[in-house]
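Given next are the chains, with one letter for each unit.
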Amino acid sequence: MQRNEKLYTFLMEKASQLTDDWYESLDKSDPSGVYASSDPDVIQNLKKQNYDFHTNLIRIFNVEEKEFFRDFEEWVVSVARDKEHLETPTHFIMREFIRVRKQYMDLIDEFVELHPGEYSSSQIQLWKDMIAKEFDIAMVRFTEEKNNYLNDQLNAQKEMINELSSPVIDLSDNRGLLPLVGDIDTHRAKVILDSTLQQCADRNIEHLYVDLSGVFMVDTMVAHELFQLISALKLLGVKTTLSGIRPEIAQTAVQLGIDFEDINMTSKLAIALSK
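Computed from a prediction, not measured in an experiment: that's the story for all the values here.

Parameters and conventions
Residues numbered from 1 in each chain as written. Predicted model: local features only at pLDDT ≥ 70, side-chain atom pairs only at ≥ 80, totals over all residues. Heavy atoms only, no water. Helix = DSSP H or I, 4+ residues; strand = E, 2+ residues; numbered from the N terminus. Rg over C-alpha atoms; globule rule 2.2 N^0.38 Å. Buried < 20%, exposed > 50% of the residue type's maximum accessible area, 1.4 Å probe, protein only. Contact = heavy atoms within 4.5 Å. Areas by Shrake-Rupley, 256 points an atom, 1.4 Å probe, with all protein chains shown as cover. Lys, Arg positive; Asp, Glu negative; His and termini not counted. Charge placed at Lys NZ, Arg CZ, Asp CG, Glu CD. Phe/Tyr/Trp six-rings, centres within 6.5 Å; stacked < 30°, edge-to-face > 60°. Lys NZ or Arg CZ within 6 Å of the ring centre and 35° of its normal. Axes fitted to C-alpha atoms, helices over the stretch in contact; angles between N-to-C directions. Parallel < 35°, antiparallel > 145°, perpendicular 65-115°, else oblique. Left-handed = near helix turned anticlockwise from the far one by under 90°. Pairing = 2+ DSSP bridges. Arc of directions from axis to C-beta. Nonpolar A, V, L, I, M, F, W, Y, C, P; charged D, E, K, R; others polar. Core = buried A, V, L, I, M, F, W, Y, C linked by side-chain atoms within 4.5 Å. Salt bridge = Lys/Arg side-chain N within 4 Å of Asp/Glu carboxyl O.

Novice: Whenever I open this one, the overall build of the protein chain confuses me. Can you help?
Specialist: Tallying secondary structure elements over the protein chain gives ten helices and five strands in all. Expected size for 275 residues packed as a compact globule is a radius of gyration near 19 Å; at 30 Å, the protein chain overshoots this value by more than 25%. Seen along its three principal axes, the alpha-carbon backbone of the protein chain occupies a region of about 95 × 35 × 30 Å. When each of the 275 residues of the protein chain is scored for burial, the buried share is 44%. Once local pairs closer than 6 in sequence are excluded, the contacts in the protein chain between residues at least 24 apart make up 77%. Carbon and sulfur atoms form 52% of the exposed surface of the protein chain, whose accessible area is close to 14,900 Å². Separation of charge centres in the protein chain, based on 29 positive and 47 negative side chains, amounts to 2 Å.

Given below as structure tokens:
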């Protein structure tokens with residue numbers, strides 16, 4: 001780490017001006033995102049985030065590298081998970097990183113002009129290389145963290161949708177109904193298995209009706225998972241009745257060698273419930 005107290009002090013004194021100049025020159029005509037916001041609270045927070053970026057980055061000239069990266073990482077993660085930045089196209093954000101990087105290059109030139117002959121060209125270039133490197137790291141980490149966070153949110157939403165799409169409906173006399181609708185892939189089939197077992201245990205279900213009339217196609221792995229569910233329910237002491245099984249699903253099950261002998265089946269749910 002190339003420490004320089006004079007450069008550090010000079011840049012720190014410019015931090016507030018850097019933020020003001022940056023926001024003043026900001027293209028606020030973006031069709032969406034944080035930079036186009038006219039909300040005073042959003043604008044104030046955006047300026048604070050920009051200012052905090054400067055006070056973190058400038059410390060590269062004043063602290064040990066390990067300490068610098070720890071604090072800088074905290075800023076990157078915080079802003080990458082910020083709601084307004086999550087809703088801002090990433091290429092807009094990268095554009096602003098590049099604009100701010102240009103501010104730093106200009107400031108280093110200004111600092112050198114204030115100290116003529118004091119620093120060699122190699123020293124000056126080293127400072128600029130350090131700034132460029134940290135911006136590159138920040139841009140990559142920001143993109144990575146934002147992408148990871150969005151993927152985590154997407155997976156969480158998918159899990160919630162899958163769980164909501166496989167509810168066990170309470171009926172009378174410790175009976176329950178699991179109506180399955182739509183496409184079932186391997187992931188959803190696994191969620192259905194885990195969720196159904198837990199719901200039956202929590203609700204003391206003794207007889208579960210599984211209606212497949214709304215399911216048009218499953219692959220071999222999904223069929224296997226569904227019949228694994230029936231086997232698992234049997235181990236829990238839950239009787240199972242299948243209704244509405246379509247010819248395509250029945251054919252897949254036969255191809256898998258699944259034994260229907262101990263499985264209660266009816267052509268329609270109404271028939272199953274009337275028994």
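Novice: Any chance you could explain the packing of aromatic side chains here in plain terms?
Specialist: One pair of aromatic rings is described through two measures. These are the centre distance and the angle between the planes. Inspection of the entire model under this criterion finds 16 aromatic pairs. Within the aromatic cluster, the residues linked to one another by ring pairs are F53, F68, F69, F72, W75, F97, Y104, F135 and F142. Stacked on the ring of Y23, the Lys or Arg K28 has its end atom at 4.5 Å from the ring centre.

Novice: Whenever I open this one, the packing of helix 2 (residues 40–57) against helix 3 (residues 65–80) confuses me. Can you help?
Specialist: Geometrically, a packed helix pair is captured by the angle between its two axes and the distance between the axes. Remark: helix 2 packs on helix 3, axes separated minimally by 9 Å, with the N-to-C direction vectors making an angle of 165°. Relative to helix 3, the element helix 2 is oriented roughly antiparallel. Helix 2 and helix 3 meet at a crossing whose hand is left-handed. Contact residues: helix 2 offers Q49, D52, F53, N56 and L57, while helix 3 offers F68, D71, F72, W75 and V79.

Novice: Could you clarify how one ought to interpret the environment of E84 in this entry?
Specialist: Within the secondary structure, E84 is located in helix 4 (residues 83–86). Those residues in contact with E84, other than ones at most four positions away along the chain, are V34 and V42.

Novice: Hey, could you run me through the pairing of strand 4 (residues 239–243) in this one?
Specialist: The side chains of a regular strand alternate, first on one face of the sheet and then on the other. Within strand 4, four of the five residues are buried, which leaves it mostly tucked inside the rest of the structure. Both strand 3 (residues 207–214) and strand 4 contribute to a ladder of five bridges, which runs parallel. Note that in strand 4 the partner of Y209 across the bridge is T241. Here three bridges tie strand 4 to strand 5 (residues 264–266), and the two strands are oriented parallel to one another.

Novice: Honestly, helix 9 (residues 247–256) in this entry has me stumped. Any pointers?
Specialist: Because each turn of an α-helix spans 3.6 residues, side chains separated by three or four positions end up pointing in the same direction. Of all the positions in helix 9, only I249, T252 and A253 are classed as buried. Buried residues in helix 9, looked at end-on, bunch into an arc of 100°, giving them a common side. Looking at helix 9, the residues exposed on the side facing more than 90 degrees away from the buried face are P247, Q251, V254 and Q255. Looking at the buried side of helix 9, the elements it contacts are helix 8 (220–235). Once helix 9 finishes, G257 follows within two positions and takes phi at roughly 80°, a positive value.

Novice: Is there a simple way to think about the packing of helix 1 (residues 5–24) against helix 5 (residues 90–114) in this case?
Specialist: At a minimum axis separation of 10 Å, helix 1 and helix 5 run at an interaxial angle of 135°. For the element pair helix 1 / helix 5, the angle class is oblique. You can see that helix 1 and helix 5 cross each other, and the crossing is right-handed. Of the residues in helix 5, those touching helix 1 at K6, L7, F10, L11, K14, L18, D21 and W22 are E96, R99, V100, Q103, Y104, L107, E110, F111 and L114. Each residue belonging to the contact of helix 1 with helix 5 can be placed in one class, and the counts come to ten nonpolar, one polar and six charged.

Novice: What is the right way to read the nonpolar core from this model?
Specialist: One recurring pattern in soluble globular proteins: nonpolar side chains tend to sit buried together. Among the nonpolar cores identified, the biggest contains 46 residues, and F53, F61, F97, Y104 and W127 are the most heavily contacted of them. Elements with a contribution of two residues or more to this core: helix 1, helix 2, helix 3, helix 5 and helix 6 (121–164). At eleven residues, the largest contribution of residues to this core is made by helix 5. C200, L226, L242 and I245 belong to the second-largest nonpolar core, a separate cluster that totals 27 residues.

Novice: Whenever I open this one, the sheet that holds strand 3 confuses me. Can you help?
Specialist: Sheet strands pair via backbone hydrogen bonds, and the direction of the pair is either parallel or antiparallel. Strand order in the open sheet made by the five strands is 1-2-3-4-5, with mixed pairing throughout. In this open sheet, the two edge strands, each paired with only one partner strand, are strand 1 (169–170) and strand 5. Across the face of the sheet, helix 7 (residues 186–203) comes into contact with strand 1, strand 2 (175–181) and strand 3 while running at roughly 165° to strand 2. Helix 8 contacts strand 2, strand 3 and strand 4 of the sheet and is inclined by roughly 150° relative to strand 4.

Novice: Is there a simple way to explain the pattern of salt bridges in this structure?
Specialist: Close approach of charged atoms allows side chains with opposite charge to pair. Under the counting rule described, the total for this entry stands at 19 salt bridges. A salt bridge links K102 to D106; its shortest N-O distance comes to 2.9 Å. Residue K102 and its partner D106 are both found in helix 5; the two are separated by four residues, about one turn of the helix. One salt bridge connects R141 with E144, and the closest N-O pair in it is separated by 2.8 Å. Of the two residues, R141 and E144 both sit in helix 6, three residues apart, roughly one turn of that helix.

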